[in-house]
Number of protein chains: 4
Amino acid sequence: MNIEKYKIEEYNQQAKAKHVRKLESLVEDINNYHEVLEKLIDFQIAIPSWALGSGGTRFGRFPGGGEPRSLEEKIEDVGLLHALNQSSGAISLHIPWDVPKNYQSIKTLAAQYGLGFDAMNSNTFQDQPDQTFSYKFGSMQHVDAAVRKQAVQHNIEVIQHGIELGSKSLTVWLSDGSCFPGQLNFRKAFQRTLESLQEVYAALPADWKIFVEYKAFEPNFYSTTVGDWGQSLLYANKLGPKAYTLVDLGHHLPNANIEQIVSLLLMEGKLGGFHFNDSKYGDDDLTAGSIKPYQLFLIFNELIEGMDARKMNHATDLGWMIDASHNVKDPLEDLLQSVEAIMLAYAQALLVDRKALSAAQEDNDVAKAQEILQAAFRTDVRPLVAEARLRAGGALNPIELYRSLNVRGELIKERGSKTVATGL
Amino acid sequence: MNIEKYKIEEYNQQAKAKHVRKLESLVEDINNYHEVLEKLIDFQIAIPSWALGSGGTRFGRFPGGGEPRSLEEKIEDVGLLHALNQSSGAISLHIPWDVPKNYQSIKTLAAQYGLGFDAMNSNTFQDQPDQTFSYKFGSMQHVDAAVRKQAVQHNIEVIQHGIELGSKSLTVWLSDGSCFPGQLNFRKAFQRTLESLQEVYAALPADWKIFVEYKAFEPNFYSTTVGDWGQSLLYANKLGPKAYTLVDLGHHLPNANIEQIVSLLLMEGKLGGFHFNDSKYGDDDLTAGSIKPYQLFLIFNELIEGMDARKMNHATDLGWMIDASHNVKDPLEDLLQSVEAIMLAYAQALLVDRKALSAAQEDNDVAKAQEILQAAFRTDVRPLVAEARLRAGGALNPIELYRSLNVRGELIKERGSKTVATGL
Amino acid sequence: MNIEKYKIEEYNQQAKAKHVRKLESLVEDINNYHEVLEKLIDFQIAIPSWALGSGGTRFGRFPGGGEPRSLEEKIEDVGLLHALNQSSGAISLHIPWDVPKNYQSIKTLAAQYGLGFDAMNSNTFQDQPDQTFSYKFGSMQHVDAAVRKQAVQHNIEVIQHGIELGSKSLTVWLSDGSCFPGQLNFRKAFQRTLESLQEVYAALPADWKIFVEYKAFEPNFYSTTVGDWGQSLLYANKLGPKAYTLVDLGHHLPNANIEQIVSLLLMEGKLGGFHFNDSKYGDDDLTAGSIKPYQLFLIFNELIEGMDARKMNHATDLGWMIDASHNVKDPLEDLLQSVEAIMLAYAQALLVDRKALSAAQEDNDVAKAQEILQAAFRTDVRPLVAEARLRAGGALNPIELYRSLNVRGELIKERGSKTVATGL
Amino acid sequence: MNIEKYKIEEYNQQAKAKHVRKLESLVEDINNYHEVLEKLIDFQIAIPSWALGSGGTRFGRFPGGGEPRSLEEKIEDVGLLHALNQSSGAISLHIPWDVPKNYQSIKTLAAQYGLGFDAMNSNTFQDQPDQTFSYKFGSMQHVDAAVRKQAVQHNIEVIQHGIELGSKSLTVWLSDGSCFPGQLNFRKAFQRTLESLQEVYAALPADWKIFVEYKAFEPNFYSTTVGDWGQSLLYANKLGPKAYTLVDLGHHLPNANIEQIVSLLLMEGKLGGFHFNDSKYGDDDLTAGSIKPYQLFLIFNELIEGMDARKMNHATDLGWMIDASHNVKDPLEDLLQSVEAIMLAYAQALLVDRKALSAAQEDNDVAKAQEILQAAFRTDVRPLVAEARLRAGGALNPIELYRSLNVRGELIKERGSKTVATGL
């Protein structure tokens, strides 16, 4: 399915008057309006290929209809999102779920939708049917060198696929860890994992990055071998300049101050990328901004502060990706909501009066600092994000148009109501 | 110190043009504008007398200057807040910190500031110099009947004070519990506490309520004898129709869904009141809305839904109070920020399209339900709350005026820079 | 496979000398030795039919070999456990995974192994292939009466199966809840769930119990409609005298004091049963006693205290069951370890000097109370539990014998190495 | 007060028969008995000077009687503990609470009790009466260089005191952080703190260590500038070879795997010391081993594994200290219970069959690994620890003798019942 340009324009036309009124009222109070708009237009959030179907838990999965049945249809889905919001201009592939049969045709297809290929994702947390060794007791941490070698080899293959497609980074998420006290020698597990990662690192092209993702728990319930930002940073530092830490919002212990972690990783020059989602209890993988929108804003506040201090380009110098699971919503609607929430948080953070904030901090004026942050957060920036979308050719309200075009209905017609996308 | 009406009017005059512009743009999209405004004007949040000085932790306390030295000065402070925001029209007293020497003069003073007397608070978690028995091992739960009797008697005295002042409710927060396994027989502690509460209940006037506050931990670090809403509800049910549960936002285990608790307590007809504050880790007692503003909104969403379902009056049928600690901010600024955040959350929740939300729920349209809630939350309702304040005679931006009038400076001049208010 | 009596006796014979030496040294300090032994012999922990195969997470599952392929083989597995430890004398069935084709032959088979049928478990958290309505948005809470009816009907069928087999209770675990704010009206969800449960309750035979299990989160990640003990107790009270709360150790928010909950539920006469497992983060479903053995002991301490106060029979008046997931261990070994840990905790709790503890509590002698509890916990009661097992006809060290008999190897030979048991 | 040797011997004499019986039964199964005993005798845990009086919370403090009124009496108290358990052979001082007036006489006094001086502790989390600048907004992180300088200077003075007394290390615990989003620039706070620490580091004698303690929260409730092990390790690495991380068991987010942190810090050669206590919710500062004794054992398991791998001396190469608060128990009894729990955990960890454990790990034999750990933990090692104490000249059961000698009563007679020790 394809959303024709004219349909978006038609839709925007009828919604424009109200939009303009709201935008004008808002813009009157924004000094750096054009700069903010520019940045919003440039900002792109990659969509993971596995988030296009219904997710589930160990207790069950309730698939919806019209889910993509192939890599091509996954690209088509991201293309639909990008047509609507013009902020989802990349797809992040997962191997082995998305092994491309023909690189050129896949690249051509993506280009037709205006999509690039973001970080490649490897999988050593599941056993594939044709696999020699099991990852039941870990992959890169495994006591058996042959298993480790298999995991390393798999990652190198993922890099190969990525090179062909034009990706520039590899995200390694390891579920390695242990379920019970005594199961692992923590130190040896760390060192074996490090050695494995070093072999993968050696296979990275010169202009690639490797992202070492951490996670506090699940699927291992006693220890995780890349368990927190401190461990990830240890690996990244020992690996070398192409290695970075990747932060997934759901991968922390309760009450963790993620925005501080972000700031410190940027300080160390070791923040590589981000997985957006939201959660209340664990790695709940809910829609970004659906539970703690203020936290999302505070994280963007630190991202901007830290990236600006290092003169980094917001749009290109970090990897931005959604990593959510869609258990009870239409995945495409859920992704549109996530992207919207991320854009709103980014826009609000761009409105923070940084000079005034810095001055309040220097004065220990805590109440003022809070006023400044909350003034930005309380601003209704929806018109601003909509305007950026409008200028880029997207829809003023993507989810509204998605529904009025009955996209899901069309997809079910095309693909059937009993499809199940690969993924979790 | 007193803030003269004309100063507020002068201030509002110069800020009005911008306010009107923003309000008009906002109001265009609100159907029930006048009704919302009315409700915002009516809504009053009581200020606890102990929150007017600097708070601290076991590690230290850093007092600011100009803190109130007497009950009279505490009333004066709340009067200042109320003059500025017209939403703090009551004070909640704590005995023994605020024993009135002359009821009539205290009542007259409060009336001059337009203040009423909210719930009375008893204290059986500290030993007073003249006290016969120690509360080291609890008060109403104590193994020794004499200690329990002392605690009961104290509460009855608190009720007496309240009757004189025109209060209509007693809040009982018990720190009773245990620090170590084995210290307590949980069942007996519950039953002794219940018996003690029954004696207090028997002393309640016919038109009074008793609020049984619960708290998960601190100052006891193993168990608390009124530890969660389930326990509080057990007590309230066993006590009778005048007994209710009081919810303090900081008194839960990590990740608790407080809004669901609110909804169920309203369902049972047993929600009595609220202590507002915010927290990241425990009972941090931070400014309301400073950490999790979306949670605050969701709680108001349930409050409105549940109160409307029972045809309760928002302003008068529940006890609304701030309970925060001001460790690093000017307490009055902190309280202005808390009240503002509460009013904003209330205003946003009033904007929720309840019919549409109800329909989305009936359709299992989860994405739509989220859109509806977030549409209200993302609305910048600051002009709405400011307008309500303006109409009631308050300042368009209370904290800005507070600063421009140099209220703290004046208080320090009057009271000195080394005062320490009673409280925690 | 069957473990012949003589093999157990042979094994015990060679291990007996050491056992006797240790037992004698231990017994010298135990006053109520025979009484304790009696209680240990009587205590039986039911094994859930779904715990006999490898479990997994949403990220993957790594099956072992020789898993039971049918209800008959599940009974055989529990029979093996019971032959070894004589403490696993019941099986708890799950419908639809364990629908018996012929009640009589199943009952005869179970009787051959000395097994009874514990609580029946219904399943309205997954969609079955032949199911009319989906539980995607809940079952008993569902907005659609037809879905609720289907869920009620299923539970009534489960009761029918249970009656045929001689079970006396139904455990209802509902995954009902919501993933996002706004998705549910909490109050209506509660009331619909209550009405559904009332219909099930009406179908209970006179001598049956219904256990209402609660869980804080997962698979729903925003709210759960039976979310904590307070909610479960509300349902149980509204349902009537046959309804009870069931406590699963992994179903709480972080840091919850479960032993206090146990004590209060016993106080209210509403504790019905227990699901044993252990966890560090969430519902990790790890081996009982593998993470927090002291907590397990403290729970048994309250169970004994509270049951004795109500003159309840330890072995028969509550439902005792393991509910764990075996992701990285042989399920049968894992279950042997769980049962052993539970028996040890029970034994230690039986050794608590209750008179002295009660006296220390009355004296507020906190240090002494701790000494008393820890004296029991620090006692090495393994010989005691082994002796109980020996007298009942089990093996001195079940897991050691299990390994030396190569039970798993035999099961793989019989059943194959690629079997996958029904369950999570 | 002084406990004469002969009183201990008398007491031991009457308790010896039972002890010997139990010890003999235990020893029969221990291969490395003499080695274990040696290590237990050598192991010493420092007592902090501030733990000798009653602690409290922000809600109150309930002092007991006979608390030490001076540094001399604090040393006397630790001397009493050490006389009883022979495992508390050092005191850890806190400046400014324990400024020695005459170094030589203090050293002589300590020597009389067989005590050394462990790590010195500085205090920049409170304002002292004579202090020029306030630490309200931090100390080493402070935006004002003059405040930072004051904090640095204070630490250098603490080092001077320590040099005079023969201490060899400085523990720096900073409460620096923020209570609200926006209050701090995290990066600048880190960098200012690092610079301050570097100045302190420069003042360290060649044979000294500096321990950088981390803490997740409290007294700051939004961020802490040395907030977790990752941050502490960053500081320690940037400071140099004399800088180490110090782990306090209560300073983590909920559910943290502390034993893994310990293992990794040892791997990095950066674990410096330990503060023992226990907790259920936050930094509850409860008696070591009173809530999670298995966790304490698992930590010792990693300590031994990691120290042995680096050929470190258990007794001397790390700093061991209790850091607890005694709110409801006699502080000396509480400390005796803590030391006992630590010694038991250490003894159990020494019994772990490391060869077998390592083999099980290499085989991915998870059930076996758990059996090995739990076999050690389930062993009743009280006779072993008692025997070590006996040989070192201590009491078989210190707390029993403490009570029978009525030590607290004697102290109250000497010091009065209304004393309050300096400390929290």
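Anything mentioned here points back to the structure above.
What counts and how
- Residues numbered from 1 in each chain as written.
- Chains lettered and ligands numbered in written order.
- Predicted model: local features only at pLDDT ≥ 70, side-chain atom pairs only at ≥ 80, totals over all residues.
- Heavy atoms only, no water.
- Axes fitted to C-alpha atoms, helices over the stretch in contact; angles between N-to-C directions.
- Helix = DSSP H or I, 4+ residues; strand = E, 2+ residues; numbered from the N terminus.
- Parallel < 35°, antiparallel > 145°, perpendicular 65-115°, else oblique.
- Left-handed = near helix turned anticlockwise from the far one by under 90°.
- Contact = heavy atoms within 4.5 Å.
- Nonpolar A, V, L, I, M, F, W, Y, C, P; charged D, E, K, R; others polar.
- Expected span 1.5 Å × (residues − 1).
- Bend = angle between axes of the 7 residues up to and from the residue.
- Buried < 20%, exposed > 50% of the residue type's maximum accessible area, 1.4 Å probe, protein only.
- Buried area = accessible area lost by both parts, 1.4 Å probe.
- Salt bridge = Lys/Arg side-chain N within 4 Å of Asp/Glu carboxyl O.
- Polar contact = N/O pair within 3.5 Å; in protein donor to acceptor, adjacent residues only side chain to side chain.
- Phe/Tyr/Trp six-rings, centres within 6.5 Å; stacked < 30°, edge-to-face > 60°.
- Pairing = 2+ DSSP bridges.
- Least-squares fit on C-alpha atoms with pLDDT ≥ 70 in both.

## So, the packing of helix α11 (residues 354-362) of chain D against helix α12 (residues 366-378) of chain D
All names here are of chain D.
Line of reasoning, step 1. Between α11 and α12, the least distance of the axes is 8 Å, while the angle of their chain directions is 160°. The angle between the axes of α11 and α12 places the two elements in the roughly antiparallel class. Seen from above, α11 lies across α12 with left-handed handedness. Here Ala356, Leu357 and Ala360 of α11 come into contact with α12, specifically with Lys368, Ala369, Ile372 and Leu373.
Line of reasoning, step 2. Its residues assigned to classes, the contact of α11 with α12 shows six nonpolar, no polar and one charged.

## Describing helix α1 (residues 5-27) of chain B
Residue and element names in this part refer to chain B.
Line of reasoning, step 1. Taking 1.5 Å of rise per residue, 23 residues should cover 33 Å, yet α1 covers just 27 Å from first to last C-alpha, more than 12% shy of that figure.
Line of reasoning, step 2. The sharpest bend along α1 comes to roughly 55°, located at Lys16.
Line of reasoning, step 3. Taken together, the buried positions of α1 are occupied by Ile8, Tyr11, Asn12, Ala15, His19, Leu23, Ser25 and Leu26.

## Considerations on the interface of chain D and chain A
Line of reasoning, step 1. Of the residues lining the interface, 52 residues belong to chain D; the matching set on chain A comes to 52 residues.
Line of reasoning, step 2. Interface area, chain D with chain A, both sides summed: about 4,500 Å², of which 58% is carbon and sulfur.
Line of reasoning, step 3. A per-residue breakdown of the area chain D buries against chain A is headed by Phe186(D), Arg187(D) and Met267(D), which together make up 14% of the total.
Line of reasoning, step 4. For the interface between chain D and chain A, the tally reads four salt bridges.
Line of reasoning, step 5. With its nearest N and O atoms 2.7 Å apart, the salt bridge here joins Glu305(A) to Arg187(D).
Line of reasoning, step 6. Taken together, chain D and chain A are joined by 18 residue pairs in polar contact (both at pLDDT 80 or more).
Line of reasoning, step 7. Taken together, the elements giving at least two residues each to the side of chain D that touches chain A come down to α6 (186-202), β10 (223-224), α7 (229-239), α8 (258-267), α9 (293-309), α11 and α12 of chain D.

## Examining the packing of aromatic side chains
Line of reasoning, step 1. Applying the stated criterion across every chain yields a total of 75 aromatic pairs over all chains.
Line of reasoning, step 2. Ring centres of Phe276(B) and Trp320(B) lie 6.0 Å apart, and the angle between their planes is 15°; on these two criteria the pair is classed as stacked. Taken as a pair, Phe276(B) in strand β12 (residues 271-276) and Trp320(B) in strand β13 (residues 319-322) lie far apart in primary sequence, 44 residues in all.
Line of reasoning, step 3. Taking 6.1 Å as the distance between ring centres and 40° as the angle between the ring planes, the aromatic pair formed by Phe274(C) and Trp320(C) counts as tilted.

## Here's the deal with the sheet that holds strand β13 (residues 319-322) of chain C
All names here are of chain C.
Line of reasoning, step 1. Taken in spatial order, the six strands line up as β6-β7-β9-β11-β12-β13 in an open sheet, and their pairing is parallel. Lying at the two open borders of the sheet, with one neighbouring strand each, are β6 (120-121) and β13.
Line of reasoning, step 2. Pairing geometry for strand β7 (residues 169-173) and strand β9 (residues 209-213), over five bridges, is parallel. Opposite Thr171, over in β9, you have Phe211 as the bridge partner.
Line of reasoning, step 3. Against the sheet, helix α9 (residues 293-309) makes contact with β12 (271-276) and β13, and its axis sits at roughly 160° relative to β12, the strand it touches most.

## A closer look at the relation of the copies chain C and chain D
Line of reasoning, step 1. Its rotation angle being 180°, the transformation that places chain C on chain D also includes 0.0 Å of axial translation and leaves an RMSD of 0.0 Å. Overall, the copies show the geometry of a two-fold rotation axis. Relative to the rotation axis, the C-alpha of Asp380(C) is the closest in chain C, positioned 2.6 Å from it.
Line of reasoning, step 2. By residue overlap, the copies meet face to face through one surface: 100% of the interface positions of chain C are interface positions in chain D.

## Notes on the pattern of salt bridges
Line of reasoning, step 1. A complete count under the given rule lists 108 salt bridges over all chains for this structure.
Line of reasoning, step 2. Here Lys168(B) ties to Asp207(B) by a salt bridge, and the two come within 2.6 Å at their closest N and O atoms. A residue pair is termed long-range when its members are at least 10 positions apart, and Lys168(B) in the loop between α5 (145-165) and β7 (169-173) and Asp207(B) in the loop between α6 (186-202) and β9 (209-213) qualify at 39 residues.
Line of reasoning, step 3. Connected via shared salt-bridge partners are Lys18(A), Arg21(A), Lys22(A), Glu28(B) and Asp29(B).

## Considerations on the interface of chain C and chain D
Line of reasoning, step 1. Counting from both sides, the interface comprises 40 residues of chain C and, opposite them, 40 residues of chain D.
Line of reasoning, step 2. Taking both sides of the interface into account, the surface hidden between chain C and chain D amounts to around 3,400 Å²; carbon and sulfur atoms contribute 44%.
Line of reasoning, step 3. Considering only the surface of chain C that becomes buried against chain D, Asn255(C), Lys280(C) and Arg378(C) emerge as the three largest contributors, covering 19% of it.
Line of reasoning, step 4. For the pair chain C and chain D, the number of links is 10 salt bridges.
Line of reasoning, step 5. Across the pair Arg403(D) and Asp365(C) runs a salt bridge, and its minimum N-O distance is 2.7 Å.
Line of reasoning, step 6. Of all the secondary structure elements, the ones that give two or more residues to the side of chain C that touches chain D are α1 (5-27), α9, α10 (331-351), α12 (366-378) and α14 (398-404) of chain C.
Line of reasoning, step 7. Ranked by residues supplied to the side of chain C that touches chain D, first place goes to α12(C) with nine residues.

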